[in-house]
Amino acid sequence: MRRPTTGTWLLAVPVLALLLWSVVYPNAAVIFGSFEGGLAHWREFLASPADREALNSTLIISVASVFAALIIGVPLAFLLTRFEFPGRRALRIVATLPAALPPLVGVIAFLFLYGESGVVTRGVQNLLGMDESPWRLTGIWAIVFVHAYTMYVFVFLFVSAGLERFDSSLDEAAAGLGASPRHRLRRVTLPLLLPAIAGSMLLVFMNSLGSFSAPYVFGGGIRVLSTQILASKLNGAMGLAYVETTVLALSAIAALALFRVLQRKRRVVSTGKGSVTRRVIRSRSLQVLLAVAGAGIVIALILPHLMVILVSFARDGVWTTQVLPPEYTLENYRRLATDAQLWRPISNSVVMALIATAANIVVCFVAAYLLVLRRFSARPLLGLLVALPWAIPATAIALGLAATFNVNDLSTGRIVLVGTFWILPLAYFIRNIPLVATAAESSLRQLDPALEDAARGLGASWWLTMRKVVIPAARPGLIAGGLLAAVTAVGEFVASIVLYTHANRPISIEILAQLRALAFGTAAAYSVLLILLVLAMAIGARTVEEQYA
């Protein structure tokens, strides 16, 4: 790692200044805003039954979502990693499908399936001859149900990766010493999987904490902090909104700090290479049982995607009390392609996602380069600034931007961005900094720092060294991180609902508007288009990756 030079600081100062201005400044403004008038807003928060309920509900939903995701994700990971049976590979691919659904689209799919007027609900009602729907998908359990479906993928992927790296010889050695399967699981397997399980738990908890779409659609009368912040903002109670935002951010930071402490206290390392041995299931009856269970899982996981596609062809306004939409048409897609007003959210989302992702790639590459290959006194601060947006829920980021960039005052670094096109790309950029920076760092850590010095020693200029040595090394991480950032930005909903205007409304906001207008077909057509955009981005990133491989 090279010692600090003038060039290092020439790169570091602009990046640090940008991160301090865009990440720290707005959130500091929210914290200071919560103390405007002393502790009055904090006393109002503590005295408000609605806010206490929102805080309790948020924590209960987040913890329950973690356990629900674990209950689904861990057994599924063990089943698909440790056992070999017909259909295992296909089931493994299907198990990751919920990750391809943008959060709001997943919520809409559940509304069409299990809502009070959903297909499954109406089907059960008709089958049993009931006068009313057999259930109402509202309240805490409904939110946890939706979270479990959309977030178990984190647990499944983390634990599967842990099991793939798991050295099976350790298990065999314990069995040879007489340990029972339960004892081996408790003393060998789970301790080695603990980092993967803990990491996925943190990810689910953080996502649940800042979740907006599921509580917004299925909450009923339940309040959570993310929706309460928007309600306070719309009511003009900005002081209270600042306190609620600060409490939400502190909850996330506390969870992150607790995770770090647990990580330091309990660290088990395997020195083996990692080789998984799958147990082949030869019992015919067990194979049939697994095939039936697998088919059930596949149907349950694919159903939301199929439902959104089906409803996208339904004629708006005719699906009332029937189980399935009674009329189908291509009119929804024709209107999206020809109506300029309906096309506007699509172009907005694509353009804003591309702008934010391009900024992420440039800034995060420089930050990763400084963090991995340069040694300078501000490196710990840069690492903290890069990771900070991950610990701050999207609602808090959005409110911070709204509170900071609403006036022109260059002496304090404030410019008017609220109400303009640029506020949403800025919000997307901030949210995705940790994603792209972490991916670029991972790639650069595989580069031997001596290669950069060797290139400079052979007379290559700094730019030529960057172009021929450093950027190619960072490229895989930049492509992967850029893809994740673009996919997240194009379907972003939480920050958008706080900051959008009619002119810059993205697809997610238009989907919500169509749902409110009971135009289910158009809302579903937007959702299908969003899924296709995500797939197109994934294919594009894959093509670029192969081109440079």
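Presented here is a report on the structure given in the accompanying data block. The residue numbers shown here count from 1 along each chain, following its written sequence. Predicted model: local features are reported for residues with pLDDT of at least 70 only, side-chain atom pairs are reported and counted for 80 or more only, and whole-chain, interface and lining totals are derived from all residues. In computing side-chain properties, one takes all heavy atoms of the structure into account and sets aside hydrogens as well as water.

1. Quick look at the overall build of the protein chain
Only DSSP runs of H or I covering at least 4 residues are called helices, and only runs of E covering at least 2 are called strands; the numbering of each starts at the N terminus. Of the regular secondary structure elements, the protein chain holds 24 helices and 2 strands. Compactness check: the protein chain gives a C-alpha radius of gyration of 25 Å against a globular reference of 24 Å for 549 residues, within 12% of the reference. The classification of residues rests on relative accessible area computed with a 1.4 Å probe and restricted to protein chains. Under 20% of the type maximum is buried, over 50% is exposed, and intermediate values are partly exposed. Relative to its 549 residues, the protein chain shows a buried fraction of 48%. Considering only contacts within the protein chain whose residues lie at least 6 apart along the sequence, 77% involve residues at least 24 apart. For every accessible area listed, the method is Shrake-Rupley and the probe measures 1.4 Å; residues are considered covered only by the protein chains on display. When the accessible surface of the protein chain is split by element, carbon and sulfur atoms take 66% of a total near 25,600 Å². A distance of 10 Å separates the average location of the 44 positive side-chain charges in the protein chain from that of its 26 negative side-chain charges. Two things to know: the radius of gyration comes from C-alpha atoms, and the globule rule equals 2.2 Å times the number of residues to the power 0.38. Residue contacts follow a heavy-atom distance rule, with two residues in contact if any of their heavy atoms lie within 4.5 Å. Residues counted as positive are Lys and Arg, residues counted as negative are Asp and Glu, and His and the chain ends are not counted. Charge coordinates come from a single atom per side chain, which is NZ of Lys, CZ of Arg, CG of Asp or CD of Glu.

2. Topic: the side chain of Thr465
Relative to the helices and strands, Thr465 resides in helix α21 (residues 462–490). Here Thr465 is in contact with Glu452, Ala455, Arg456, Ala460 and Val470, once residues within four sequence places are set aside.

3. Notes on the layout of surface pockets
Here the term cavity refers to a set of points on a 1 Å grid, laid over the protein atoms alone, in which a 1.4 Å probe fits but cannot get out; the term pocket refers to an open set having protein on both sides within 12 Å along at least five of seven lines, with lining residues being those that place an atom within 4 Å of a point. Grid points are joined across faces, edges and corners, and a volume is the space filled by probe spheres set on the points. Estimated volume of the second largest pocket: approximately 400 Å³. Lining the second largest pocket are 16 residues, with Leu111, Val217, Leu515, Leu518 and Phe520 sitting closest to its centre. Residue assignment for the lining of the second largest pocket shows that the elements contributing at least two residues are α5 (103–114), α10 (213–218) and α23 (507–516). By residue number, the principal contributor to the lining of the second largest pocket is α23, which donates 3 residues. Charged residues are taken to be Asp, Glu, Lys and Arg, nonpolar residues to be Ala, Val, Leu, Ile, Met, Phe, Trp, Tyr, Cys and Pro, and polar residues to be all remaining types, Gly included. For the lining of the second largest pocket, a count of residues per class yields 9 nonpolar, 4 polar and 3 charged.

4. Some points on unusual backbone geometry
Its identity as a non-glycine residue notwithstanding, Leu518 has a phi of 60°, on the positive side. One can find Leu518 in the loop between α23 and α24 (520–548).

5. Examining the side chain of Thr395
Turning to its location among the elements, Thr395 is positioned in helix α17 (residues 394–404). The exposure class of Thr395 is buried, given its relative accessible area of 0%. Here Thr395 is in contact with Gly210, Phe212, Ser226, Ile229, Val494 and Val498, once residues within four sequence places are set aside.

6. Comments concerning the pattern of salt bridges
Whenever a carboxyl oxygen of Asp or Glu lies within 4 Å of a side-chain nitrogen of Lys or Arg, that contact is scored as a salt bridge. Enumeration over the complete set of coordinates arrives at 9 salt bridges. The partner of Glu116 in a salt bridge is Arg136, and the shortest N-O contact between them spans 3.0 Å. Taken as a pair, Glu116 in the loop between α5 and α6 (119–128) and Arg136 in the loop between α6 and α7 (140–165) lie far apart in primary sequence, 20 residues in all. For Glu116, a relative accessible area of 40% translates into the label partly exposed. For Glu492, the salt bridge is made with Arg431, and the minimal N-O distance between the two is 2.8 Å. In this pair, Glu492 sits in the loop between α21 and α22 (494–499) while Arg431 sits in helix α18 (residues 423–431), placing the two residues 61 residues apart along the sequence. Relative accessible area serves as the criterion here: at 4%, Glu492 is assigned to the buried category. Relative accessible area serves as the criterion here: at 30%, Arg431 is assigned to the partly exposed category.

7. Regarding empty space enclosed by the protein
Counted by the stated rule, this structure contains 1 cavity of 30 Å³ or more. Of the volumes computed, that of the largest cavity is approximately 40 Å³. Lining the largest cavity are Thr58, Ile61, Ser208, Leu209, Ser211, Pro215, Val224, Leu225 and Ser226. Taken together, the elements giving at least two residues each to the lining of the largest cavity come down to α3 (49–82), α9 (181–209) and α11 (225–234). When its residues are assigned to classes, the lining of the largest cavity shows 5 nonpolar, 4 polar and no charged.

Coordinates in, geometry out; function isn't part of it.
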